[in-house]
Amino acid sequence: RTWRNKAKVKHPSTICFKNKLKVALIGQSLFGQEVYSHLCKEGHRVVGVFTVPDKDGKADPLALAAEKNGTPVFKFPRWRVKGKTIKEVAEAYRSVGAELNVLPFCTQFIPMDVIDGPKHGSIVYHPSILPRHRGASAINWTLIMGDKKAGFSVFWADDGLDTGPILLQRSCDVEPNDTVDVLYNRFLFPEGIKAMVEAVQLIADGKAPRIPQSEEGATYEGIQKKENAEISWNQSAEALHNWIRGHDKVPGAWAEINGQVVTFYGSSLLNSSVPPGEPLEIKGAEKPGLVTKNGLVLFGNDGKALLVRNLQFEDGKMIPASQYFSSGEMPVVELTAEEVKVAETIKVIWAGILSNVPAIEASTDFFKSGARSMDVARLVEEIRQKCGGLQLQNEDVYLATKFEDFIQKVVRKLRGEDQEAELVVDYVSKEINDMTVKMPYQCFINGQFTDAEDGKTYDTINPTDGSTICQVSYASLVDVDKAVAAAKDAFENGEWGRMNARDRGRLMYRLADLMEEKQEELATIEALDSGAVYTLALKTHIGMSVQTFRYFAGWCDKIQGSTIPINQARPNRNLTFTKKEPLGVCAIIIPWNYPLMMLAWKSAACLAAGNSLVLKPAQVTPLTALKFAELSVKAGFPKGVINIIPGSGGVVGQRLSEHPDIRKLGFTGSTLIGKQIMKSCAVSNLKKVSLELGGKSPLIIFNDCELDKAVRMGMGAVFFNKGENCIAAGRLFVEESIHDEFVTRVVEEIKKMKIGDPLDRSTDHGPQNHKAHLEKLLQYCEAGVKEGATLVYGGRQVQRPGFFMEPTVFTDVEDHMYLAKEESFGPIMVISKFPNGDIDGVLQRANNTEYGLASGVFTRDINKAMYVSEKLEAGTVFINTYNKTDVAAPFGGFKQSGFGKDLGEEALNEYLKTKSVTLEY
């Protein structure tokens with residue numbers, strides 16, 4: 001019967017087919033199997049599969065899938081002899097009556113009478129952007145030649161070698177450290193399958209183009225074999241890197257070391273300083289390699305370097321390159337009952353792949369038993385599918401080829417014992433504050449520190465003297481997408497998503513302990529990068545960060561839903577309950593005033609709820625966030641759960657707000673940027689948002705207050721952390737009868753304040769965070785003077801290196817003035833007087849703002865205090881105190897100061913969704 005241009009009547013058990021073809025599939029491998037499965041799924045009829053004979057008693061994956069599905073399978077060792085088609089083969093082929101030949105991956109020579117035989121001819125998949133890299137090792141040569149673009153072509157077969165007309169092509173960027181496997185698995189395999197199916201449908205619909213190939217730019221390279229993969233050392237580091245990765249994993253680039261052929265795998269360009277190590281002589285290399293804790297460092301003739309992670313010897317044994325001079329033996333670990341179950345499952349998987357082996361023993365070697373490179377991908381994927389999402393890398397198979405060694409590696413992976421050893425940190429170190437401070441400076445993505453995709457960096461500045469601390473990676477859109485992909489994979493497929501809540505809490509407690517252990521170093525970095533006074537950084541910036549993680553660690557196993565009585569569906573009964581579930585990938589964007597504490601306030605609740613995260617620190621203060629990333633690995637957080645991306649708000653922040661895979665964005669910053677973020681989040685995928693934005697917090701000081709305390713705490717309300725404080729008292733209302741005395745006392749106290757080096761333990765007031773902010777504050781003061789406010793004290797830059805500003809006091813500030821309406825975010829006290837006894841009048845003035853983050857009142861009258869606290873329109877009200885936040889108390893604003901809460905139990909709800917479940921019984 002004819003399948004093309006026929007539609008079946010729709011019945012519950014039938015599929016409607018239209019414009020579908022009878023296809024002969026000629027080829028092999030997992031790729032061929034997937035193309036076969038997808039063509040069948042799309043309704044095309046595969047009338048015959050022509051593949052290679054069984055090898056070592058094992059059928060090709062394509063043959064297995066077709067036989068299981070009842071499709072006729074033909075296994076011919078060859079199609080022709082002495083240039084002529086074998087009669088029996090030709091007859092078998094013609095018997096299936098194909099309308100189109102599809103060759104997804106084929107290593108055999110197919111005669112032209114077969115190629116041209118069907119009505120629609122034959123189409124072929126080729127893994128390069130033709131006419132470049134014709135031939136059998138196209139992916140290898142794409143990397144060897146340093147191409148910036150890779151891709152594939154689906155073309156119409158002709159009598160030339162990969163010269164037929166193009167049907168369709170797809171391309172992707174080649175990333176700096178891509179290998180053949182990585183490029184194939186990331187793009188050429190999944191997108192190639194889709195493209196082959198698309199091409200068949202285009203032919204079925206009569207819409208398939210035939211675009212002649214140009215000979216301009218055409219290249220042909222031969223098959224890369226082991227004998228011609230030897231490394232030629234008189235090349236640049238990049239050329240050496242391209243040669244090694246272009247041969248990774250097959251056939252493997254090699255060199256002679258100590259009289260033995262050694263194959264190199266896992267190459268990456270070394271963009272940081274060369275770590276210390278032990279020299280290793282390599283035949284033909286001008287300069288010895290260097291065995292370091294990170295791997296084997298090799299040098300090009302341009303003075304630049306590359307890093308090789310793994311080495312394989314002639315006997316097939318592969319080791320981490322860092323262990324070249326040591327045995328590298330790991331102690332045998334005892335398996336728990338749960339791990340024994342995993343081992344048994346893996347044993348079944350090995351037996352399925354190594355079907356020619358009678359029984360899988362401890363000493364069974366995966367490759368010596370007949371496994372090939374394509375079986376590695378199958379093993380990794382089957383384990384992921386059948387062992388609860390356990391994510392192995394192809395590398396893990398090559399490094400542990402015996403079954404007993406492989407199980408040991410899997411167990412260590414399950415326990416997270418291999419993570420710390422894998423972390424490579426290239427620090428910027430400084431001797432300062434009587435210690436050695438080690439600061440990571442690269443993007444932190446998927447458990448690794450890495451340079452930005454395009455290699456860009458920027459200077460982060462010490463506000464104390466204006467000097468450059470170091471250059472930090474300047475993340476690109478590609479880096480953001482990588483981080484989000486890592487976070488998504490960690491949440492959906494990794495151990496984080498399967499982890500018990502109590503175990504999650506244990507990791508968070510461990511991280512808090514590490515932060516406390518490193519508190520002096522973290523406080524020093526905070527002082528260097530943000531200008532925070534060291535003693536304040538130690539107590540507040542770092543101290544409260546530790547408290548926050550401990551508080552939310554305790555919540556991990558206490559997140560609960562509820563049962564709800566509903567009307568029963570009689571005569572049956574119903575049970576309705578709710579579940580609190582994590583949202584998925586969350587983005588967090590934090591400001592520069594409390595770099596680590598703002599990170600902790602948001603990320604601790606996010607992680608306690610079970611989400612993964614991508615965090616963008618403020619561009620001017622990235623260093624404690626990156627140090628936090630390092631500590632998270634040491635605490636045992638799985639790869640991809642925490643990702644830190646330094647860079648600009650316009651690039652990184654905007655991409656995070658638009659990214660379709662992010663389900664929640666938490667932001668602290670200005671109201672203007674908050675509005676832009678909210679809009680982007682809505683337009684993209686309606687992601688959940690919480691915003692902690694600008695403030696103009698009023699502080700009302702009544703004449704019945706305890707004046708000494710009001711002066712002391714009023715100053716703290718304004719000058720705490722140099723005024724760079726989201727809840728700073730943006731405007732003080734002082735009752736008329738005590739106004740002048742209050743101002744006098746404030747000025748007296750300001751004169752006692754020591755302005756200077758934040759690392760000096762006696763310093764009260766450090767530099768403003770960055771130069772642009774200092775300039776903005778000076779302009780703010782100029783505006784106040786021009787409008788007629790009285791500058792009582794300060795208003796100037798301190799004459800010394802760095803970004804220091806005098807603590808400033810303005811009085812006679814009227815409600816219409818710029819100073820009365822806009823936040824300074826600096827050490828500027830704005831004082832307005834109000835008539836004695838006018839409680840409602842001052843409340844009206846205090847609430848006459850679009851902001852509502854915090855507020856305060858000083859009075860001895862408890863009734864007055866409670867009345868004022870009830871009327872003030874702010875998320876936090878302080879009575880006879882100020883700046884007293886606590887990890888257990890919810891924090892957030894009203895009106896244009898944002899919505900959503902940090903801290904306390906309420907913060908968890910920002911990172912959870914509620915699912916309602918009803919069952920009948």
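Named according to an unreviewed UniProt entry, the chain is 10-formyltetrahydrofolate dehydrogenase originating from Capra hircus. In UniProt, the chain has this text filed under Catalytic activity (unreviewed entry): "(6R)-10-formyltetrahydrofolate + NADP(+) + H2O = (6S)-5,6,7,8-tetrahydrofolate + CO2 + NADPH + H(+)".

> Can you lay out the environment of Lys283 for me, pointing to particular residues and giving the numbers?
As for its placement among the helices and strands, Lys283 is situated in the loop between β12 (277-280) and β13 (289-292). Judged by relative accessible area, Lys283 falls into the exposed class, the value being 56%. When the C-alpha atoms of Lys283 and Trp233 are compared, they prove to be 9.2 Å apart, with 50 residues separating the residues in sequence. Contact partners of Lys283, with chain neighbours within four places excluded, come to Trp233 and Glu256.

> Could you give me a rundown of the domain arrangement of the chain, with the residues and numbers involved?
Where interface size is quoted, it is often the accessible area lost as the parts come together. When cut into domains, the chain gives domain 1 (22-205), domain 2 (226-323), domain 3 (337-415), domain 4 (427-693) and domain 5 (698-896). A straight line from the C-alpha centre of domain 3 to that of domain 5 covers 65 Å.

> Let's hear about the UniProt feature "site: Essential for catalytic activity" (unreviewed entry) in the chain: which residues, and what values?
Following the UniProt record, one finds the feature "site: Essential for catalytic activity" (unreviewed entry) at Asp162. With respect to the helices and strands, the residue Asp162 is situated in the loop between β8 (149-156) and β9 (166-173). Owing to a relative accessible area of 11%, Asp162 belongs among the buried residues under this scheme.

> I'd like a description of the pairing of strand β30 (residues 697-701), backed by residues and values.
Judged by how many residues are buried, β30 sits mostly within the fold: five of five residues are covered. Of the two faces of β30, the one holding Ser697, Leu699 and Ile701 and the one holding Pro698 and Ile700 are both buried throughout. The pairing of β30 with strand β31 (residues 729-735) spans five bridges and is parallel. Residue pairing for β31: Ile700 is matched across the bridge by Phe733. Remark: the β30/helix α22 (residues 707-719)/β31 crossover connection has right-handed handedness. Sheet topology places β30 next to strand β36 (residues 854-858); three bridges connect them, and they run parallel. Each bridged residue has a counterpart across the sheet, and for Leu699 the counterpart in β36 is Gly856.

> So what's going on with the pattern of salt bridges? Residues and values would help.
Pairing between side chains becomes possible if they bear opposite charge and their charged atoms approach one another. Counted by the stated rule, this structure contains 41 salt bridges. With its nearest N and O atoms 4.0 Å apart, the salt bridge here joins Arg186 to Glu175. Of this pair, Arg186 sits in helix α6 (residues 180-204) while Glu175 sits in the loop between β9 and α6; the two residues are 11 residues apart in sequence, bridging distant segments of the chain. Arg186 sits in the partly exposed class, given a relative accessible area of 33%. In this structure, Arg384 engages Glu381 in a salt bridge whose closest nitrogen and oxygen atoms are separated by 3.0 Å. Taken together, the residues span about one helical turn, with Arg384 and Glu381 both in helix α9 (residues 373-386) at a distance of three residues. The partly exposed category is assigned to Arg384, whose relative accessible area is 27%. One salt-bridge network, held together by shared partners, links Glu175, Asp178, Arg186, Glu453 and Lys482.

Reading guide: rules and limits
Each chain carries its own residue numbering, running from 1 in the written order of its sequence. Where local features are concerned, this predicted model is filtered to residues with pLDDT of at least 70; where side-chain atom pairs are given and counted, the filter is 80 or more; whole-chain, interface and lining totals use all residues. Side-chain numbers come from the whole structure's heavy atoms, not from hydrogens or water. UniProt positions are given in the numbering used here, feature names are shortened, and annotations may be inferred rather than shown by experiment. To qualify as a helix, a DSSP run of H or I must reach at least 4 residues; to qualify as a strand, a run of E must reach at least 2; elements of each kind are numbered from the N terminus. For the exposure calls, accessible area comes from a 1.4 Å probe over protein chains only, and a residue counts as buried if that area is under 20% of its type's maximum, exposed if over 50%, partly exposed in between. Should any heavy atoms of two residues lie within 4.5 Å, those residues are counted as being in contact. For each domain, the first and last residues come from an automatic or database assignment. When DSSP finds two or more bridges between two strands, those strands count as paired. Place the viewer so that the strands point away; then a crossover is right-handed whenever the path from the first strand over the helix to the second strand goes clockwise. Here, a salt bridge means any Lys or Arg side-chain nitrogen found within 4 Å of an Asp or Glu carboxyl oxygen.

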